[in-house]
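For reference, the chains in residue letters:
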Amino acid sequence: MSQMFLRTLRDDPADADVNSAKLLIRAGYIRKVGPGLYSWLPLGLKVLRKIENVIREELAKTGAQEVEFPVLLPKDPYTATNRWEEYGDNLFRVKDRHDADYLLVPTAEEMFTLMVKDMYSSYKDLPVTLYQIKSKYRDEFRPRAGMIRGREFVMQDAYSFDMTEDDLKKNYLIQRDAYERIFQRLHVPYVMVHATSGPMGGSASEEFLSPMPIGEDTFALAPSGAAWNVEALTTVKPQDVDFSSTEAMVALETPDSPTIETLVDQSNALHPRSDGRSWQAEDTLKNLMIAVKHPTGEREVVAIGVPGDRQVDMKRLEASFTPAEIEEATLEDLAAFPELVKGYIGPGVLGPQNTDEEGHSRIKYLLDAHIARGSEWITGADAADAHVFHAVYGRDFEADGFVEAVEVRTGDMSPDGSGLLSLERGVEIGQVFQLGLKYSKALDLTVLNENGKAVPVWMGCYGIGVSRVMSCIAEFFNDENGLKWPVEVAPAQVHVIATGRDQMAFDTAEQLVEQLASAGIEVIFDDRAKVSPGIKFKDSELLGMPLIAVSGRDTVNNGTIEIRFRDGSDTKVVSIEEAAQAIIEAVNAL
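Think of each chain on its own: its residues are numbered from 1, step by step along the sequence as written. Totals for whole chains, interfaces and linings use every residue, but because this is a predicted model, local features are given only for residues with pLDDT of at least 70 and side-chain atom pairs only at 80 or more, for both listing and counting. By convention in this description, side-chain values take in all heavy atoms of the structure and omit both hydrogens and water.

(A) Quick look at the environment of Arg-501. Along the chain, the position of Arg-501 falls in the loop between strand S27 (494-498) and helix H12 (503-518). Arg-501 sits in the exposed class, given a relative accessible area of 88%. Spatially, the C-alpha atom of Arg-501 lies 35 Å from that of Ala-21, the residues being 480 residues apart in sequence. Under the scheme used here, helices are H or I runs from DSSP no shorter than 4 residues and strands are E runs no shorter than 2 residues, and both carry numbers assigned from the N terminus. Each residue gets one of three labels from its accessible area relative to the maximum for its type: buried under 20%, exposed over 50%, partly exposed in between, using a 1.4 Å probe on protein chains only.

Below, the structure is given as structure tokens:
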């Protein structure tokens, strides 16, 4: 360590907001150079390369082949797939001296597609899977959590190319299984979560989330172990309700009650229930007006009916309208429909209750999936200061369909019927997609089939956040003293410390290092002179190698070496002669 490019810090960096960032910076693995931007130092690069090598080894078993693209890419391919616009402000856009548009690569579906298009033309060329491990760039509005949410990050992205959809599905499972082996080898806890495809496009998608409190993603976990990203979760269809004894719908005055809270208060004050129970928010049906912005440029006003005790989840709702975008309807949007009374909008002027001459709904009306046919509600009467009571879905009003609109809650029924959901947090460390034909059609990737006919190629996409995985490992494997790397990714398996003033301790430590190195064991050797044992011990714990071997006073006085396991599981004292073999056996057992 006397020659190593390394400086450890005693205190946490003031702007580091999670343990992994604090420890990686303090231990000299990385250095921050700007918001969401980090330099890699020698120890950090060793960990990163080991993670990359695990990925390469497992992908090689699938037959995937490695390629590499520039980070600076032309605009045109991304325009062809609409992602130049879809990425919005997250895309780093640049111009060259000739005023031509370029971007810093966020993901590379377009480039892989064009590469295969350039080189392959026949069904005989397929299947093929290609990948790269490369820095990617996204203009994050608020970088956070160290390398977990950065503007530059290292990512492995792979792409499979197949002749048929069935072949794609088989390849998808092969790549997904490889990802499971990778995360298991890296000792990263993970949950495989059903997900939406988002701007990537395609059909089936699953995320690998590493569960931890600092995670930005919320997922719903079933007792069966199945999990869903909340945007991808589908509500269990509620059973129909028998409304044969429900009172007839009636419009009643509810002055000054444009909100759910005021409506409940006024209902209890002016129109108490006959059964003695108080009206609750869950008895009300609120109708949210949104504007759907279609890719064609059309702007459509849509009404969403949701239970009054539930909050709308705009991300879940937008996922139901992909690839369109949504936002709350503006006053200008609503001006086209004078029948809408703000604060008192009800089903009476929505959906099938309000059609044009051709029988189409003037305002499409979608109900949240939790609303059961036959259920009874208080909802707007489409007149100021009035609501209808005992309105029954299926008797008094209909809808144009259903949509996943509200926030998922702990205690909701799981889609697989195994029991009640719990909500957990996690960091996305990988995702796999069945892209289908989106990119091959957009970029005209075809090959000739057995009959000589040009057909589009089926594609899959698979990605791992390599630098993010490193941060997650650091987030899991640490204690109050520092990092505790798993042996698979540690910069070295053993940290040898020489302490004291007696040269024998340093000579013995150096001989031990040579013995371990000749046996293929990676070693960090703290040979710093005039550095106290206390500082050396603190640095060894901060750096986090799996084993620590100490040559010091006991070595000189008793002829022994102390072997410490960084995870605290064991400490051994062995003779100098036995030390190398004992350490080799301990490393092999890790």
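(B) Up close: the sheet that holds strand S29 (residues 547-551). Any two strands are treated as partners once DSSP identifies two or more bridges connecting them. In spatial order, the strands read S28-S27-S29-S30-S31; together these five strands make up an open sheet with mixed pairing. Of all the strands in the sheet, the pair left with one neighbour each is strand S28 (523-526) and strand S31 (571-575). On average, each strand axis in the sheet is tilted by 20° relative to the strand beside it, whichever way the strands run. Strand direction decides the pairing type here: S27 and S28, joined by four bridges, are parallel. The residue bridging His-495 from the neighbouring strand is Ile-524, located in S28. Relative to S31, helix H15 (residues 576-589) is tilted by about 140°, and along the sheet it contacts S27, S29, strand S30 (560-565) and S31. In this analysis an axis means a line fitted to C-alpha atoms, helices contributing only their contacting stretch, and an angle means the value between N-to-C directions, from 0 to 180 degrees. Only heavy atoms enter the contact rule, under which two residues are in contact if any of them lie within 4.5 Å.

(C) Structural detail: the pairing of S27. Judged by how many residues are buried, S27 sits mostly within the fold: five of five residues are covered. Alternating positions in S27 separate into two faces, Val-494, Val-496 and Ala-498 on one and His-495 and Ile-497 on the other, with burial throughout. Regarding topology, H12 serves as the crossover connection from S27 to the parallel S28, and that connection is right-handed. Note that S27 and S29 share five bridges and pair parallel. In the sheet register, Ile-497 faces S29, and the bridge partner there is Val-550. Orient the strands so they point away from the viewer, and a crossover whose first-strand-to-second-strand path over the helix runs clockwise is right-handed.

(D) A look at the pattern of salt bridges. For this analysis, a salt bridge means a side-chain nitrogen from Lys or Arg found within 4 Å of a carboxyl oxygen belonging to Asp or Glu. Summed over the entire model, instances satisfying the criterion amount to 42 salt bridges. Across the pair Arg-181 and Glu-58 runs a salt bridge, and its minimum N-O distance is 2.6 Å. On the criterion of sequence distance, the pair formed by Arg-181 in helix H6 (residues 165-185) and Glu-58 in helix H2 (residues 42-61) is long-range, its members being 123 residues apart. Of the residues examined, Glu-58 reaches a relative accessible area of 2% and is grouped as buried. We note a salt bridge from Asp-412 to Arg-310, for which the minimum N-O separation is 2.8 Å. Taken together, the positions of Asp-412 in the loop between strand S20 (401-403) and strand S21 (422-436) and Arg-310 in the loop between strand S15 (299-307) and helix H8 (314-321) put the pair 102 residues apart, joining distant regions of the chain. There is no split in this pair, since Asp-412 and Arg-310 are both buried. Via salt bridges that share partners, Glu-57, Glu-58, Lys-61, Arg-181, Arg-185 and Glu-488 belong to a single interconnected network.

(E) Spatial organisation of the sheet that holds S15. Across the sheet, which stays open at both edges, the five strands sit in the order S16-S14-S15-S17-S20 with mixed pairing between neighbours. Each edge of the sheet is formed by a strand with only one pairing partner; in this case those strands are strand S16 (325-328) and S20. Direction aside, the axes of adjacent strands within the sheet are offset by 40° on average. Direction of pairing for strand S17 (residues 364-368) relative to S20: parallel, over a ladder of three bridges. Residue pairing for S20: Leu-367 is matched across the bridge by Phe-402. The sheet contacts of H8 involve strand S14 (285-293), S15, S16, S17 and S20, and relative to S16 the element is tilted by about 135°.

(F) Highlighting H2. Expected span of a helix: the number of residues minus one, times 1.5 Å. With 20 residues, H2 should cover 28 Å at 1.5 Å per step; its first-to-last C-alpha distance of 29 Å lies within 8% of that length. For H2, every residue scored as buried is listed here: Leu-43, Gly-44, Val-47, Leu-48, Lys-50, Ile-51, Glu-52, Val-54, Ile-55, Glu-58 and Leu-59. At the C-terminal side of H2, Gly-63 shows a positive phi close to 90°.

(G) Structural context of the nonpolar core. To form a nonpolar core, buried Ala, Val, Leu, Ile, Met, Phe, Trp, Tyr and Cys residues must be joined to one another through side-chain atoms within 4.5 Å. Counting 57 residues, the largest nonpolar core has Tyr-29, Ile-51 and Trp-485 as the members making the most contacts within it. With seven residues, the top contributor of residues to this core is H2. Bear in mind that the domain bounds are from an automatic or database domain assignment. In terms of domain composition, this core takes at least three residues from each of domain 1 (19-207 + 429-474) and domain 3 (492-589). Of all hydrophobic cores here, the second largest spans 28 residues; its members include Val-67, Leu-73, Leu-445 and Val-455.

(H) Broad picture of a negative patch on the surface. Together, Asp-502, Asp-507, Glu-510 and Glu-514 make up a negatively charged patch on the protein surface. The residue Glu-514 is located in helix H12 in this model. Patches here are clusters of residues that have more than 30% relative accessible area and form no salt bridge, with a 9 Å joining cutoff for like charges and a 5 Å cutoff for nonpolar side chains (Val, Leu, Ile, Met, Phe, Trp, Tyr). The Shrake-Rupley method, run with a 1.4 Å probe, gives the accessible areas here. Residue values count only the displayed protein chains as cover. Positive charge is attributed to Lys and Arg, negative charge to Asp and Glu, and no charge count is given to His or to the chain ends. The location of each charge is read from NZ of Lys, CZ of Arg, CG of Asp or CD of Glu.

(I) Molecular detail of the state of the cysteines. When two cysteine sulfur atoms are found within 2.5 Å, that pair is recorded as a disulfide. Under the defined criterion, the tally for this structure stands at zero disulfides. Free of any disulfide, Cys-461 has its nearest cysteine sulfur in Cys-472, 19 Å distant.

(J) Spatial organisation of the packing of H2 against helix H11 (residues 466-476). Running from N to C, H2 and H11 point in directions that differ by 115°, and their axes come no closer than 10 Å. Considering the angle they form, H2 stands roughly perpendicular to H11. In the packing of H2 onto H11, the handedness of the crossing is right-handed. Of the residues in H11, those in contact with Gly-44, Val-47, Leu-48, Ile-51, Glu-52 and Ile-55 of H2 are Val-466, Ser-467, Val-469, Met-470 and Ile-473. For this classification, under 35 degrees means roughly parallel, over 145 means roughly antiparallel, 65 to 115 means roughly perpendicular, and everything else is oblique. Left-handed describes a crossing in which the near helix is turned anticlockwise from the far one by less than a right angle; the clockwise case is right-handed.

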